[in-house]
Amino acid sequence: MGDSVECRLFERTKLDPPDEIEEKWRACHNAVLKLIAGASEQEAHDILSAKVCRSVQEHEEVSVGLLNIILTNPGAARTRYSDLAFVTRDGLGLVVNCLEFIVMEKFRRMREMTKQQILWIVNEMVRNRFAGVERVCIALLKQIEGGNTMPGNVRLADSVLRVFRDNREWLESLPRIVCFAVYTYLRLIQDHSSPALTSLRNAEVDFCIACLRTQFMDCAAIGRDLVRLLQTIARIPEFAALWKDILQNPTSLSPHFSGVLQLLTVRTSRHYIASRLTSDMEAKLNFLAMQVKFGHQKRYQDWFQRDYLLTPESQSLISDFIRYICCIIHPSNEILSSDVVQRWAIIGWLLTKCQSNVAACNAKLALFYDWFFYNPEHESIMCIEPAILIMSYSVNTHPNITATLIDFLVRMIPAFGEGLEEYVSHGVNNAIRDILEKRVVGSIDQLISSPRLDSVLTGSFQRAVQRALDHFQNPEPFRDGDDDVVVIEDEEVGGGGGVDSGVFPSSIDDESERMEKPVKGVELGEVEIVEEEEDAEEKEKTGEDEAEIDLGEELRRLPDRWVRKIEALKRDSLDVRRKAVDELMESVVREIDVRSSQLNALAKCMAIRLKSDFDDACEIEGEMSDVGRSLPFSLFRHADPARPSNVYRRVVAFLPRLFNHENRLGYTLLYYAKARAVATGDPVAAASVYAAFAAETKSPSASPASNLEACIIRDMERCQTVDTNLFYFLIPGVYQQFSDAVTGSSGLLYLIVSSIDSAQLHDLICQLSLSKFQLFGCARIAELLAKSLEWETFEQISVWQLLMAENSAPEEVVKILPLDSNSHPEPLSGLVLFLRNHSPSPELLEAVFRMPTSDGQFALTVLKQWAVRWPRELVTPVVDCLGRAVEEKRGDESSTGVIIQYINDLRQLLPGDNQCRMFFVYDYQHLLDYWALSLIVVCDPEMIDSLAMFDTSALHPSPSERTPPSTPKWLKSGERKRSQSLSDNELDIIPKPKLQRAARRFVDESDDDDDEDNAAT
């Protein structure tokens, strides 16, 4: 009946395990075919009807079997759909559940034919008005990817749209699916702008306009995100006309519609927002926000970007991701207080991926959209939390990001829409007030008075949120902790040019022009702070305010001569500032009556005044020979070991005080050590300054012996967080200059592999292969590898690649054995490749034989590699292990029986392999014969039984296989030389004295027996 075809639902490679659902459905498929084999259509109806009436289980089996036939065999689909509709006892409820499940969970893995058959059966079920089929339609809408114009995705969007257009009466009876359909296609219209997709885009526009004009109040249930989507496509003529009615004649759409404000005050349900991400996108985004630890997210972000954000069309997805994170991913307090990467860091990373002004503005609109009409009584603080945290945490480390976000927020208050400025301002002030009341941040003072932001910009922001600030007369300062550092790549955020129709159509052109005019001090197209020339009086006033806010208390503790030098650090002239630094350091050295509190105050003042200099101190491009360009290096030059010891000690003792207020000093000093080593050619002397600094800091978590290592790890961890490229730039110098402290350090190695990318890994491998430095060494390698067993898979793989590049001592590496292959597959895979490049030795072979027999595949793989590459070198270690087993009679898994079993398995693994001649090497035959003779002498039944399972044909190969001299002459029964004993050279190759004595006794006794036989004859 045409049903016997391949019944696969999903694409699967040979390496993929069978899918449980597919296997279950195939079994039902085959059962139905067997049931109706050879029956006519009427007979098949009767058989199936009788079958489904017996039990619920048999009804399920028949329904699933018929569904699988429909999905895998288009030729039989119509007949089997007729059978399915005829025999169903639940109105196809089970079929609806099955379809919804595989569309939601497995759509990406489906074969193209399966997808087409799903669309076919859904269309048939819609035409026949089966209840619940709208759930499958919503699941199909979810699988249409935004930002994807590949043929398969376009075909899916077109097919689902045809289902809705062909069944318009059914669609209008279900307001819920109307909302999902309108929300989906309004979002897709902006992606389908190319000429090749004109017909599809026109069909989508016609569909959305028809739904909005005939069922506007049903669509109004979407809420404010309906307005956001309409804003992005407001320039299309049909939607421009719709906007005109919404703004000027709302009752023409519905008597119950009072205006756009009615839409904007309704928060959009999370179901609509989630519908624009596929199931796979949702799973990956939730994993990134819920399970990835802070500082380890770069690798996962790169994978996410490669999957979804590589093409220009995919830029529109960024706003979907941001809306999903703000409105749906609401972590618990436990996650918020853990080291899991926070939502604001993910959104900050997404903002850096915007490659156009339109994408950047739409992304920022998605971020702030809930701010504009925020009502704390009905909305969650979690929806507005990410934006304030991005601005707060980025103000010091990435002020360009904070500046562009503040500028966008300030501009959108008057530009959002005609007549809505007061409502938007009220919503923004409600948001700020709720943020401060619920202590999302302690204060927004840094956003208002930060010296790193333009004063005009911060003044505009302060005026915009003044009503919220009036409720908090004494705000607590924002705590910018050391660990809360924004981990955003230092890239330019997409510009802040006008939203492409990001305002209401009545003022699109005017507002776009206004949005393109940058606020003083902020170039939105490049998003960087531009230093404007200010008159001397204004600049002096700004400097005085900054000193009063940041350093007022500390300056009062210092002598006037020091205060004047601190003030000189605010000048523009680098020479003036460098001279001030030199004079302050000389004061520290020469003035012996200075109190400790004054030194602490001086350190804080210098750290704050030099903060911008630490930003630019370390350059990884160009030459490093000039180490005096930045003020931090001028400061470090005073710590010269060639100076008198008392002077040197006072300077070094002052550095930890600076470090307490500027924790970048540590890795900047490491950079200085590397730069000075390049300039002077003396890496040891250059490293002594940092070593002395580390001795002064005295990390409480480390003993004195490991204090230097702990300090290096601390500073490199900070460097990794701030600038990953600089971190990997410093790695070779750290290992060269501080080899005694960090070679074999598991803590520093973990920092390397936890954030490394493929290019950095390649660079380190090349440098290790050239022996420029050592990561592992020999002394601590076993301990290091044992600790790496708990790391993630990629990290362990990187460790083993670096280990092979360094070519470490194999005898130390194999000390981690034995390992369980199920729990630790990564190190075992690394060991297989590592040992392939090292000739066998008794120590290596003993370690391999320590592996449990259940994991024999590892041992056999290593033995085969050795047998093919080093057949002669493998002989002596093998027999040495056998000899030890005979002597010690060990009963563990490295005993004689296990060794013989491995060797016999190896021999059977390589039958007739011309490359592997280990089993026919003369030395191997000679030594193994000695070993066999010793067993006979010892008369150990256990050992003899062990020998029995070894295939002794290896001892005496056939004449055609022999390579002369293949077998010792004294073993050939017809040609023994009775008067000649073994030579000393032959005995020397036996590794163990006991085997030598046993073999000698056996040969001597054999010669005596032969002499007696001759005499009798």
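What counts and how
- Residues numbered from 1 in each chain as written.
- Predicted model: local features only at pLDDT ≥ 70, side-chain atom pairs only at ≥ 80, totals over all residues.
- Heavy atoms only, no water.
- Helix = DSSP H or I, 4+ residues; strand = E, 2+ residues; numbered from the N terminus.
- Buried < 20%, exposed > 50% of the residue type's maximum accessible area, 1.4 Å probe, protein only.
- Areas by Shrake-Rupley, 256 points an atom, 1.4 Å probe, with all protein chains shown as cover.
- pLDDT = per-residue confidence, 0-100.
- Contact = heavy atoms within 4.5 Å.
- 1 Å grid on protein atoms, 1.4 Å probe; cavity = no way out; pocket = protein on both sides within 12 Å on 5 of 7 lines; lining within 4 Å.
- Points joined across faces, edges and corners; volume = space filled by probe spheres on them.
- Nonpolar A, V, L, I, M, F, W, Y, C, P; charged D, E, K, R; others polar.
- Phe/Tyr/Trp six-rings, centres within 6.5 Å; stacked < 30°, edge-to-face > 60°.
- Salt bridge = Lys/Arg side-chain N within 4 Å of Asp/Glu carboxyl O.
- Core = buried A, V, L, I, M, F, W, Y, C linked by side-chain atoms within 4.5 Å.
- Axes fitted to C-alpha atoms, helices over the stretch in contact; angles between N-to-C directions.
- Parallel < 35°, antiparallel > 145°, perpendicular 65-115°, else oblique.
- Left-handed = near helix turned anticlockwise from the far one by under 90°.
- Expected span 1.5 Å × (residues − 1).
- Arc of directions from axis to C-beta.
- Polar contact = N/O pair within 3.5 Å; in protein donor to acceptor, adjacent residues only side chain to side chain.

Moving on to the overall build of the protein. Looking only at helices and strands, the protein features 55 helices and two strands. In the protein, which comprises 1017 residues, the proportion classed as buried is 55%. Just so you have it, the protein exposes about 44700 Å², and 49% of that area is on carbon and sulfur atoms.

When pLDDT is averaged along the protein, the result is 77, and 76% of the positions lie at 70 or above. Note that residues 935-1003 has pLDDT below 50 and, in this model, 104 contacts with residues that lie over four places away or in other chains.

Next up on the list: unusual backbone geometry. With an omega of 5 degrees, the peptide bond between Leu817 and Pro818 qualifies as cis. In this structure, Pro818 sits in the loop between helix H46 (810-813) and helix H47 (825-835). You will see that Arg129, though not glycine, has its phi angle at about 60 degrees, which is positive. Inspection of the secondary structure puts Arg129 in the loop between helix H6 (112-127) and helix H7 (133-142). When its relative accessible area of 43% is taken as the criterion, Arg129 is described as partly exposed. A positive phi angle, close to 60 degrees, is found at Ser771, a residue other than glycine. With respect to the helices and strands, Ser771 occurs in the loop between helix H43 (758-769) and helix H44 (781-788). Here Ser771 falls in the exposed class, since its relative accessible area comes to 61%.

Take empty space enclosed by the protein next. Per the stated rule, a full pass over the model turns up three cavities of 30 Å³ or more. The volume enclosed by the second largest cavity comes to roughly 50 Å³. Elements supplying a minimum of two residues to the lining of the second largest cavity: helix H13 (224-232) and helix H19 (317-327). Considering each element in turn, the lining of the second largest cavity owes the most residues, three residues, to H13. Residue classes in the lining of the second largest cavity are distributed as one nonpolar, five polar and three charged.

Counted under the stated rule, the structure contains 31 aromatic pairs. Ring centres 6.1 Å apart and planes at 45 degrees place the aromatic pair Phe294 and Trp344 in the tilted group. Remark: Trp344 occurs in helix H21 (residues 343-352) and Phe294 occurs in the loop between helix H17 (279-290) and helix H18 (297-308); sequence separation between them is 50 residues. Residue classification places Trp344 among the buried positions, given a relative accessible area of 5%.

A few words now on the environment of Cys211. Mapped onto the fold, Cys211 is located in helix H11 (residues 198-214). When its relative accessible area of 1% is taken as the criterion, Cys211 is described as buried. Taking C-alpha positions, Cys211 is 9.8 Å from Arg168, a pair spaced 43 residues apart along the chain. With residues up to four places along the chain from it excluded, the contact list for Cys211 reads Arg168, Val178, Val182, Phe216 and Cys219.

Attention shifts here to the pattern of salt bridges. A full pass over the atoms with the stated rule returns 37 salt bridges. Between Asp83 and Arg80 there is a salt bridge, with its nearest N and O atoms 2.4 Å apart. Of the two residues, Asp83 and Arg80 both sit in helix H4 (residues 77-87), three residues apart, roughly one turn of that helix. One exposure class covers both Asp83 and Arg80, and it is buried. Across the pair Asp307 and Lys284 runs a salt bridge whose closest N-O atoms are separated by 2.6 Å. Here Lys284 lies in helix H17 and Asp307 lies in helix H18, a separation of 23 residues in the sequence. Look at Lys284 and you get partly exposed, because its relative accessible area is 28%. The network of salt bridges with common partners includes Arg224, Asp225, Arg228, Arg323, Asp370 and Glu379.

Phe164, Tyr185, Phe239, Trp371, Phe372 and Ile444 are the most contacted members of the largest nonpolar core, which has 180 residues in total. With 11 residues, helix H10 (residues 175-189) is the single largest residue contributor to this core. Excluding residues that lie within four positions of it along the chain, Trp371 makes contacts with Ile384, Ala387, Ile388, Met391, Leu409, Gly427, Val428, Ala431, Ile432 and Ile435. Counting 118 residues, the second-largest nonpolar core is a separate cluster that includes Leu602, Leu749, Ile756 and Leu817.

As a further point, take the packing of helix H5 (residues 93-106) against H7. In the contact formed by H5 and H7, the axes pass within 9 Å of each other and the chain directions differ by 10 degrees. Overall, the two elements H5 and H7 adopt an arrangement that is roughly parallel. In contact with Val96, Asn97, Leu99, Glu100, Val103 and Met104 of H5, H7 contributes Val133, Arg135, Val136, Ala139, Leu140 and Lys142. Of the residues assigned to the contact of H5 with H7, the class counts are eight nonpolar, one polar and three charged.

What follows covers the packing of H10 against H11. One way to put it is that H10 packs onto H11 with a least axis distance of 10 Å and a crossing angle of 140 degrees. Taken as axis vectors, H10 and H11 run oblique relative to one another. Handedness of the H10/H11 crossing: left-handed. Here H10 contributes Val178, Ala181, Val182, Tyr185, Leu186, Leu188 and Ile189 to the contact with H11, which in turn contributes Arg201, Glu204, Val205, Phe207, Cys208, Cys211 and Leu212.

For helix H14 (residues 237-248), built from 12 residues, the straight-helix expectation of 16 Å at 1.5 Å per residue is met to within 8% by its first-to-last C-alpha distance of 16 Å. Phe239, Leu242, Trp243, Asp245 and Ile246 are the residues of H14 that are buried. Summarising the axial view, the buried residues of H14 lie within an arc of 160 degrees, below the 170-degree limit, and thus occupy one face. Opposite the buried face of H14, at more than 90 degrees from it, the exposed residues are Pro237, Lys244 and Gln248.

Relative to the helices and strands, Asp320 resides in helix H19. Residue class for Asp320 comes out buried when judged on its relative accessible area of 4%. There is a polar contact of 2.7 Å between the side chain of Asp320 and the side chain of Arg187. With residues near it in sequence (within four places) discarded, Asp320 still touches Arg187, Arg276 and Leu277.

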